[in-house]
Amino acid sequence: MAPAGVVTATTPSTPRLQCECSVAESGRAGAPVVLHFTLVNRGRQTVQVLEWGTPFEGWLAPFVDLLRDGTALQYAGASVKRGDPGREEYLTLAPGARRKVGVDLAEAFDLRRAGSYLLRPRITLHDVYFGVAVENRTRAQHHPYDLNCRELRFTLAG
């Protein structure tokens, strides 16, 4: 069984990947609010993961939904169009390995107002495959994998 607050996603055709997310329970409106994201390979094989649309590449696409007092906030970060990925856009996770990153929610959402916030991660790994060497893979060859990360709540004071 996964520890409290940790959701594990598995399917027969992909490795066992675990998503861990956290954010401070309270803070000040207008200040940075850091989402801490960790991806863990609980499988027995090395896995390659395309970083697109994940916290590992920063705010180049929305990978969370954020609500303040029940109202959805508009994503204000960057959005990019892409061709086929390069090898440098993949990260390698050996069995048991974990990769951590922190991203400031205030860089992509308006957090200048006090309130109760609900963060819903919606992270899809656009390409996941086994192996230690990244192949040249076209978008048509990608194997997507939806991570099931838990919702988070936090409060910002004025």
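These lines cover the structure that appears in this document, whether it is placed above or below. (Residues numbered from 1 in each chain as written. Predicted model: local features only at pLDDT ≥ 70, side-chain atom pairs only at ≥ 80, totals over all residues. Heavy atoms only, no water.)

What follows is about the pairing of strand S14 (residues 152-157). Alternating positions in S14 separate cleanly, Leu-152, Phe-154 and Leu-156 being buried on one face and Arg-153, Thr-155 and Ala-157 remaining unburied on the opposite face. One ladder, built from 3 bridges, connects strand S3 (residues 26-28) with S14; its direction is parallel. When the sheet's bridge partners are listed, Gly-27 is paired in S14 with Leu-156. Relative to S14, strand S10 (residues 115-121) runs antiparallel, the two being bridged by 5 bridges. Directly across from Leu-119, in S14, lies its bridge partner Leu-152. (Buried < 20%, exposed > 50% of the residue type's maximum accessible area, 1.4 Å probe, protein only. Helix = DSSP H or I, 4+ residues; strand = E, 2+ residues; numbered from the N terminus. Pairing = 2+ DSSP bridges.)

We now examine the sheet that holds S10. Strand order in this open sheet of 5 strands is S3-S14-S10-S6-S7, and the pairing throughout is mixed. Every other strand in the sheet has two partners, leaving S3 and strand S7 (71-72) as the edge strands with one partner each.

Along the polypeptide, Arg-137 turns up in the loop between strand S12 (128-130) and strand S13 (145-146). Using a relative accessible area of 8% as the deciding quantity, one classes Arg-137 as buried. One polar contact links Arg-137 to Asp-127, side chain to side chain, over a distance of 2.7 Å. Once residues within four sequence positions are removed from consideration, Arg-137 is found in contact with Asp-84, Pro-85, Tyr-90, Asp-127, Tyr-129, His-142 and His-143. (Polar contact = N/O pair within 3.5 Å; in protein donor to acceptor, adjacent residues only side chain to side chain. Contact = heavy atoms within 4.5 Å.)

A few words now on the environment of Arg-16. One can find Arg-16 in strand S2 (residues 14-22). Look at Arg-16 and you get partly exposed, because its relative accessible area is 41%. Between the alpha carbons of Arg-16 and Arg-42 there is a distance of 5.1 Å; along the sequence they are 26 residues apart.

Here the structure, examined in full by the defined rule, presents 7 aromatic pairs. When the ring of Trp-59 is compared with that of Phe-63, the centres are 4.3 Å apart and the planes differ by 5°; the resulting orientation is stacked. No difference in accessibility class separates Trp-59 from Phe-63, as the two residues are buried. On the numbers, 6.0 Å between centres and 70° between planes, the contact of Tyr-90 with Tyr-129 is edge-to-face. (Phe/Tyr/Trp six-rings, centres within 6.5 Å; stacked < 30°, edge-to-face > 60°.)

The next point concerns the sheet that holds strand S8 (residues 90-93). Taken together, the 3 strands give an open sheet; going across it, the order is S8-S5-S12, and neighbouring strands pair in antiparallel fashion. The open sheet is flanked by S8 and S12, the only strands paired with a single partner. Between one strand axis and the next, the sheet turns through 25° on average, direction left out of account. As defined by bridge partners, strand S5 (residues 47-50) adjoins S12 across 3 bridges and the pair is classed as antiparallel. Bridge pairing in S12 places Val-49 opposite Val-128. (Axes fitted to C-alpha atoms, helices over the stretch in contact; angles between N-to-C directions.)

Distances and angles like these do not, on their own, reveal function.
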